[in-house]
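So the chains spell out like this:
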Amino acid sequence: MRTTHPSPPTVAATCDCQAIQPVVAPGLDGLALYTASSHLQRKLWLTLEAHHLAFQTQGSAFILLPENFAALGAVLDSFSTTERHEVLATPWHGGHPDPWHTAPLDQWLHRLTTPWFAEACQHIYFEVQPIVHLDRLEVYGHEALVRAHWAGQTLGAGPLLQAAATHGQARAFDAHARRNAITQVYPILPPGQRLFINFSPSVVYNPDICLQTTFEACRQVGADFSRLVFEVTESEAFPDLTLLRRILERYRAEGAQVALDDLGAGHTSLAYLAELQPDLVKLDRALIHGLHAADPRLALVQALITYAHDLDIRVVAEGIETAGELALVTALGSDYAQGYYLGRPATQPVEQLSSGALR
């Protein structure tokens, strides 16, 4: 007898995680708290009792009602850093658990304190910081830095990225930010300048699918791909060099350049340079901050620049805050520089350097 198998699911032309979803936290009837350890389960029970929190029991879980959510931080503080990752929470709706959204209680605490995430994503904008060509002393391009307006305050990249990860929407937020950086900043970029766009490689599982909306945004604004530089962040958390190479090759196939961030900070190892051969690499600001003529870091910075140049990779020195730092990285052979001394993040790109930055 011949066995028949159902047809495989149709593969969508775009990633199904491209859109920001509403946050899960609002409307909870409660959170079911539990651990897999009998020792920690008893400690959890004693902690809830010690804080005089009302809860119900359902099997091995303790169901905490919403009026007690404000005490979750104090509950977590009773556990060590190692223990708290084993305290889990499952949302409770209509008398039933929602196991699809089970996560460490620590993550749920962040979810409950960031209900603004989805709404704030509808109000993102970008500040841009100039990157300067050191031989020509002219603006080579600008890095787009994501921000958001929400409830009368400005949210920076740190809180936005943390909230995205907390709500399990890092992939969607990264794609959302990429698209908006292109559609908002590229049209106001001065002629000939490049736009540096950050992305995390961990959010791209298939570059032929996940990057399509990014490329569509480029076509929407008529972007010249040769003026786009896609900058890899947090590469140390992404050990799959084969996939990372495919991602970079996909960007390059469209005509864009690629860059690696934070060389010298542990985020980007020397092995990544040889394996991936990016167009540019950024030296971490920790290598540059406070750099002076008798600094022992000079030899390291020089060696990194020389190694990159031997691989035909151009170098950007980040974190330039003084004239002395600028003079040193120029003498050491850095191709470009970025930092407050040359220009702070602003809502509009600059066409040329101010006279103060050239002194």
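Since this is a predicted model, take the numbers as computed values, not measurements.

Trainee: Looking at this structure, how should I read helix H14 (residues 323–331)?
Mentor: Side chains that are three or four residues apart share a direction in an α-helix, a result of its 3.6 residues per turn. Within H14 the residues assigned to the buried category are Glu325, Leu326, Leu328 and Val329. Along the long axis of H14, the arc covered by the buried residues comes to 165°, so they all point the same way. If you follow the buried residues of H14, they end up packed against helix H12 (285–288), helix H13 (297–310), strand S14 (314–317) and strand S15 (336–337). Just downstream of H14 lies glycine 333, where phi reads positive at about 105°.

Trainee: What is the right way to read the packing of helix H4 (residues 105–112) against helix H6 (residues 157–166) from this model?
Mentor: The description of two packed helices rests on the angle between their axes and on the distance between the axes. It is the contact of H4 with H6, at a shortest axis distance of 9 Å, that shows an interaxial angle of 125°. Taken together, the axes of H4 and H6 are oblique relative to one another. In terms of crossing hand, the pair formed by H4 and H6 is left-handed. Residues Gln107, His110 and Arg111 of H4 lie in contact with H6, whose contacting residues are Gln162, Ala165 and Thr166. Grouping the constituent residues of the contact of H4 with H6 by class yields one nonpolar, four polar and one charged.

Trainee: Help me out: how do you make sense of H6 in this one?
Mentor: Taken together, the buried positions of H6 are Leu160, Ala163, Ala164 and Thr166. Along the long axis of H6, the arc covered by the buried residues comes to 160°, so they all point the same way. Where H6 is buried, its residues meet H4, helix H5 (117–120), strand S8 (138–150), strand S9 (153–155) and helix H7 (170–185). Phi turns positive one or two residues past the end of H6, at glycine 168, with a value near 70°.

Trainee: How should I be thinking about the pairing of strand S2 (residues 55–58) in this particular structure?
Mentor: Every regular strand shows the same layout, with side chains that alternate between the two sheet faces. Relative to strand S3 (residues 61–64), S2 runs antiparallel, the two sharing four bridges. If you follow glutamine 56 over to S3, its bridge partner there is isoleucine 63.

Trainee: Help me understand the pattern of salt bridges, please; the structure alone is not making it clear to me.
Mentor: Working definition: two side chains of opposite charge can pair if their charged atoms are close together. Under the defined criterion, the tally for this structure stands at 15 salt bridges. Its salt-bridge partner being aspartate 106, residue arginine 84 comes within 3.7 Å of it at the nearest N-O pair. Of this pair, arginine 84 sits in helix H3 (residues 81–84) while aspartate 106 sits in helix H4; the two residues are 22 residues apart in sequence, bridging distant segments of the chain. Side by side, arginine 84 and aspartate 106 carry an identical accessibility label, which is buried. Here aspartate 208 ties to arginine 246 by a salt bridge, and the two come within 4.0 Å at their closest N and O atoms. Of the two residues, aspartate 208 is situated in helix H8 (residues 207–210) and arginine 246 in helix H10 (residues 241–253); the sequence distance between them amounts to 38 residues.

Trainee: Looking at this structure, I do not really get unusual backbone geometry. What am I missing?
Mentor: Trans is the common state for peptide bonds, and a negative phi is the common state for residues other than glycine. Even without being glycine, leucine 137 reaches a positive phi, approximately 50°. Counting through the fold element by element, leucine 137 comes out in the loop between strand S7 (124–133) and S8. A relative accessible area of 45% places leucine 137 in the partly exposed class. With a phi angle near 65°, aspartate 312 is a residue other than glycine that sits in the positive phi range. Inspection of the secondary structure assignment puts aspartate 312 in the loop between H13 and S14.

So, how was this worked out
Residues numbered from 1 in each chain as written. Predicted model: local features only at pLDDT ≥ 70, side-chain atom pairs only at ≥ 80, totals over all residues. Heavy atoms only, no water. Buried < 20%, exposed > 50% of the residue type's maximum accessible area, 1.4 Å probe, protein only. Helix = DSSP H or I, 4+ residues; strand = E, 2+ residues; numbered from the N terminus. Arc of directions from axis to C-beta. Contact = heavy atoms within 4.5 Å. Axes fitted to C-alpha atoms, helices over the stretch in contact; angles between N-to-C directions. Parallel < 35°, antiparallel > 145°, perpendicular 65-115°, else oblique. Left-handed = near helix turned anticlockwise from the far one by under 90°. Nonpolar A, V, L, I, M, F, W, Y, C, P; charged D, E, K, R; others polar. Pairing = 2+ DSSP bridges. Salt bridge = Lys/Arg side-chain N within 4 Å of Asp/Glu carboxyl O.

Nothing here speaks to function; it is all geometry.
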